[in-house]
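Inside the fold
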Amino acid sequence: MMKALLSLAVLGLSTVSARAAALTPRVTGPAPLKFAGVNIAGFDFGCGTDGTCTVSGAYPPLAQYYGADGIGQMTHFVNQDGYNLFRLPVSWQYLTNNVIGGTLNSTTFGEYNTLVQACLNTGAYCIIDIHNYARWDGNIIGQGGPTNAQFAALWSSLATQYKSQSRVMFGIMNEPHDLPSIPTWAATVQAAVTAIRQAGATSQYVLLPGNDYTSAATFVSGGSAAALATVTNLDGSTTNLIFDVHKYLDSDNSGTSDTCVTNNTVEAWIPLSTWLRANNRLAINTETGGGNTQSCVTYLCEQVAYQKTIADVFLGYVGWAAGNFATGYVLSETPTNNSGVLTDSLTVKSCLAPIANA
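Residues numbered from 1 in each chain as written. Predicted model: local features only at pLDDT ≥ 70, side-chain atom pairs only at ≥ 80, totals over all residues. Heavy atoms only, no water.

Once that is clear, we can look at the state of the cysteines. Each disulfide is one covalent bond, formed between the sulfur atoms of two cysteines. Applying the stated criterion across every chain yields a total of four disulfides. Covalently, Cys47 is tied to Cys53 through a disulfide, its sulfur atoms 2.1 Å apart. Torsion about the S-S bond of the Cys47 and Cys53 cystine: about 115°, corresponding to right-handed handedness. Its relative accessible area of 4% is what places Cys53 among the buried residues. Paired by a disulfide, Cys260 and Cys296 hold their sulfur atoms 2.1 Å apart. Its S-S torsion of approximately 90° makes the covalent link between Cys260 and Cys296 right-handed. (Disulfide = S-S within 2.5 Å. Buried < 20%, exposed > 50% of the residue type's maximum accessible area, 1.4 Å probe, protein only.)

Let us now look at the nonpolar core. Counting residues in hydrophobic clusters, the biggest one holds 89 residues, and the most contacted among them are Phe86, Leu88, Trp155, Leu158, Ile172 and Leu208. Once residues within four sequence positions are removed from consideration, Leu158 is found in contact with Leu95, Leu104, Phe109, Ile128, Ile130 and Phe170. Grouped together as the second largest cluster of nonpolar side chains are ten residues, Met169, Ile242, Leu315 and Val318 included. (Core = buried A, V, L, I, M, F, W, Y, C linked by side-chain atoms within 4.5 Å. Contact = heavy atoms within 4.5 Å.)

Residues given the UniProt feature "domain: Glycoside hydrolase family" (unreviewed entry) here are residues 66–324. For residues 66–324, helix accounts for 41% and strand for 18%, while the C-alpha atoms at its two ends are 10 Å apart. (UniProt positions renumbered as here; feature names shortened; annotations may be inferred. Helix = DSSP H or I, 4+ residues; strand = E, 2+ residues; numbered from the N terminus.)

A few words now on the environment of Gln198. Within the secondary structure, Gln198 is located in helix α6 (residues 182–198). Along the primary structure Gln198 and Thr259 are separated by 61 residues, whereas in three dimensions their C-alpha atoms are 45 Å apart.

A word on unusual backbone geometry. The omega torsion across Trp320 and Ala321 is 0°, close enough to zero to call that bond cis. Inspection of the secondary structure assignment puts Ala321 in strand β10 (residues 314–323). Look at Asn97: it is not a glycine, yet its phi comes out positive at around 55°. If you trace the backbone, Asn97 turns up in the loop between α3 (92–96) and α4 (106–121). In this model, Tyr133 sits at a positive phi of 60°, which is unusual for a non-glycine residue. For Tyr133, the position within the fold is in the loop between β3 (125–130) and β4 (135–136).

Of the two faces of strand β6 (residues 168–171), the one lined by Val168 and Phe170 and the one lined by Met169 and Gly171 are each fully buried. When β6 meets strand β7 (residues 206–209), the two strands line up parallel, connected through two bridges. Directly across from Gly171, in β7, lies its bridge partner Leu207. In this fold, β6 hands off to α6, which returns the chain to β7; that crossover is right-handed. (Pairing = 2+ DSSP bridges. Right-handed = clockwise from strand over helix to strand, strands pointing away.)

Looking now at the packing of aromatic side chains. In total, this model carries 17 aromatic pairs according to the counting rule given. Ring centres 5.9 Å apart and planes at 85° place the aromatic pair Phe35 and Tyr205 in the edge-to-face group. Of the two residues, Phe35 sits in strand β1 (residues 35–41) while Tyr205 sits in the loop between α6 and β7, which places them 170 residues apart along the sequence. Residue Tyr205 is classed as buried on the basis of its relative accessible area of 14%. An angle of 55° between the planes, with centres 6.5 Å apart, marks the rings of Phe45 and Tyr59 as tilted. Residue Phe45 is located in the loop between β1 and α2 (70–81), and its partner Tyr59 is located in the loop between β1 and α2; the two are separated by 14 residues in the primary sequence. (Phe/Tyr/Trp six-rings, centres within 6.5 Å; stacked < 30°, edge-to-face > 60°.)

Listed below in structure tokens is the structure:
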């Protein structure tokens, strides 16, 4: 979640031609996106963008652990709003109880798995998201920090747990940033993908994140797309290897303001979809959102409407965030609970819920 401005000139797209492309999209008329979802946050609490994550700082979004009723939220989102995807952020440290490597701690992983199983029980798809910013306690994976083998061991263990679950997606890493070498990062991603496939999870979606907080606006121009295009399955194919991008709508793309200023079409979705189409690849937007204000409703609704027009290369979006975020949080998508009756936030009911933009 960082400021990220894309130069359309890099892609040979002038502002005029980009706007023309927005008016004449590839898909004629709105098309249904395959996925629409919400982040159910809490297990990632205690993490900084330097990958320093304290196990004690995590706050499971489960009533049985004195957190929010994440199970009730997911049930509501599926049954009332038509969502079919939840992203479940968690730190590497939490899963292993602060032991670097791939051995899952029976207690802490067991708590996280409670949320995963509840997600699966709704019938939705569920993203296992490692929320470490490509780091462990300040050190970059594969570039001076944990080795690729240690990171691959984590993913091998997780894939072994969920290899029989076709609706589990593997989100390799949340928001890598300030990477000295993007090709070296691609090698780290390849090690994780190889470990997942070798563990027996041979067909599930695997989400590949790029540099610059995996910003959709710089995914192509910054070199992430080209580097990650080299990542393959065991047989050399790229089937179900999906590019994972984030994009917010405030002035600096940080997701920290309730004032939205863009629908991201010209700076992000047109150049990204153009590259995806030319290279026969797919992407998904696993973090987006805005404040519960009129400016954000306007731009979020426009963004979702445009994303539908690129559904041939774009799988969908996941809003940030519900779970343990209070309803007063600037980007809250947590429904209010009045004596057991859940009511959606303004952005959810206006734009993000599938029933709102059907």
